[in-house]
Amino acid sequence: SSLANATASNKINSNSIAYIDRQASVTVGSNNTNALDENTLSINAGKDINATGAKINNYTGSSVLSADENINLNAINVDNSETHQFANGDYRNVSYSKDIGTELSSAGNLVMSANNVQGVAANINVGGFAIVDAKENISLLNGTEQRSTNSYSAHKEFYVDRDASSSNSCLLYTSDAAD
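Computed from a predicted model, the values in this text were never measured in an experiment.

1. Let's talk about the pattern of salt bridges
Moving on, step 1. Scanning the model with the defined rule gives 2 salt bridges in all.
Moving on, step 2. Salt-bridge contacts for Glu-82 lead to Arg-92; the nearest nitrogen and oxygen are separated by 3.5 Å. With Glu-82 in strand S9 (residues 76–85) and Arg-92 in strand S10 (residues 91–100), this pair connects stretches of sequence that are 10 residues apart.
Moving on, step 3. Looking at Glu-82, the relative accessible area reads 25%, which means it is partly exposed.
Moving on, step 4. By relative accessible area, Arg-92 is classed as partly exposed at 36%.
Moving on, step 5. Measuring nitrogen to oxygen at the nearest pair gives 3.1 Å for the salt bridge that ties Arg-147 to Glu-145.
Moving on, step 6. Judged by its relative accessible area of 48%, Arg-147 falls in the partly exposed class.

Structure below.
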């Protein structure tokens, strides 16, 4: 996936944003497919599989990701910020950022095999069973989401400074294929 940046400013205001311009994806079938068949999505690498803010979807069957070294389901960070200057030295600054993780879904079973498997804010949905096999490490890490606002008004004599952050967990969902 790739990021695009846009900025706009004048003497007293500025805005900037970083957003996902083109999201990388690999898809088998269609999300309108109701029938589970034997279409297998297989991604194999002699070294690493790196997916950053990508979507990997198999709507019709099972999926296999296999790498000789590492499987990295990485996040991409998007952000937005605004700065406004007003009369008498008043101002307001707002910023926001969020990690967008890789989405991996399989209507059937999922098998991931590598030396190391890492996910940052990854979202994994499996209709059957899931096997995550690593010779060394499996790391499922949170992503972050942060908001910050600070403002000042000399006229009303107040100052506000707020920060909020949260974590977006790496999620793995499975449903019992027998149901």
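2. Here's the deal with the pairing of S9
Look at any regular strand and the pattern is simple: side chains alternate between the two faces of the sheet.
Moving on, step 1. Across 10 bridges, S9 lies against S10 in antiparallel orientation. Across the sheet, the residue bridging to Thr-83 is Asn-93, located in S10.
Moving on, step 2. Counted between consecutive antiparallel strands, the loop separating S9 from S10 contains 5 residues, among which Asn-88 sits at a positive phi close to 60 degrees.

3. Thoughts on the side chain of Thr-102
Moving on, step 1. Along the chain, Thr-102 turns up in the loop between S10 and strand S11 (103–106).
Moving on, step 2. On the accessibility criterion, Thr-102 (1% relative accessible area) is buried.
Moving on, step 3. In this structure the side chain of Thr-102 is engaged in a polar contact, spanning 3.4 Å, whose partner is the backbone nitrogen of Ala-54.
Moving on, step 4. Looking at Thr-102, its side chain comes within polar contact range of the main-chain oxygen of Asn-74, at 2.9 Å.
Moving on, step 5. Not counting residues up to four positions away in its chain, the partners in contact with Thr-102 are Ala-51, Thr-52, Gly-53, Ala-54, Leu-73, Asn-74, Ala-121, Ala-122 and Asn-123.

4. Observations regarding the nonpolar core
Moving on, step 1. Core analysis: the biggest nonpolar cluster contains 20 residues, and Leu-65, Ile-71, Leu-73, Leu-104, Leu-110, Met-112 and Ile-124 have the highest contact counts within it.
Moving on, step 2. Elements with a minimum of two residues in this core: strand S4 (41–45), strand S5 (48–52), strand S7 (63–67), strand S8 (70–74), strand S12 (110–120) and strand S13 (123–126).
Moving on, step 3. Examining the composition of this core, we find that 4 residues originate from one element, S12, more than from any other.
Moving on, step 4. Ignoring any residue separated from it by four or fewer positions in sequence, one finds Leu-104 in contact with Ile-56, Leu-65, Leu-73, Leu-110, Met-112, Asn-123, Ile-124 and Asn-125.

5. Considering the environment of Gly-127
Moving on, step 1. Structurally, the position occupied by Gly-127 is in the loop between S13 and strand S14 (130–141).
Moving on, step 2. The exposure class of Gly-127 is partly exposed, given its relative accessible area of 23%.
Moving on, step 3. Taking the C-alpha atoms as reference, Gly-127 lies 8.2 Å from Ser-105; in sequence the two are 22 residues apart.

Rules and cut-offs
Residues numbered from 1 in each chain as written. Predicted model: local features only at pLDDT ≥ 70, side-chain atom pairs only at ≥ 80, totals over all residues. Heavy atoms only, no water. Salt bridge = Lys/Arg side-chain N within 4 Å of Asp/Glu carboxyl O. Helix = DSSP H or I, 4+ residues; strand = E, 2+ residues; numbered from the N terminus. Buried < 20%, exposed > 50% of the residue type's maximum accessible area, 1.4 Å probe, protein only. Pairing = 2+ DSSP bridges. Polar contact = N/O pair within 3.5 Å; in protein donor to acceptor, adjacent residues only side chain to side chain. Contact = heavy atoms within 4.5 Å. Core = buried A, V, L, I, M, F, W, Y, C linked by side-chain atoms within 4.5 Å.

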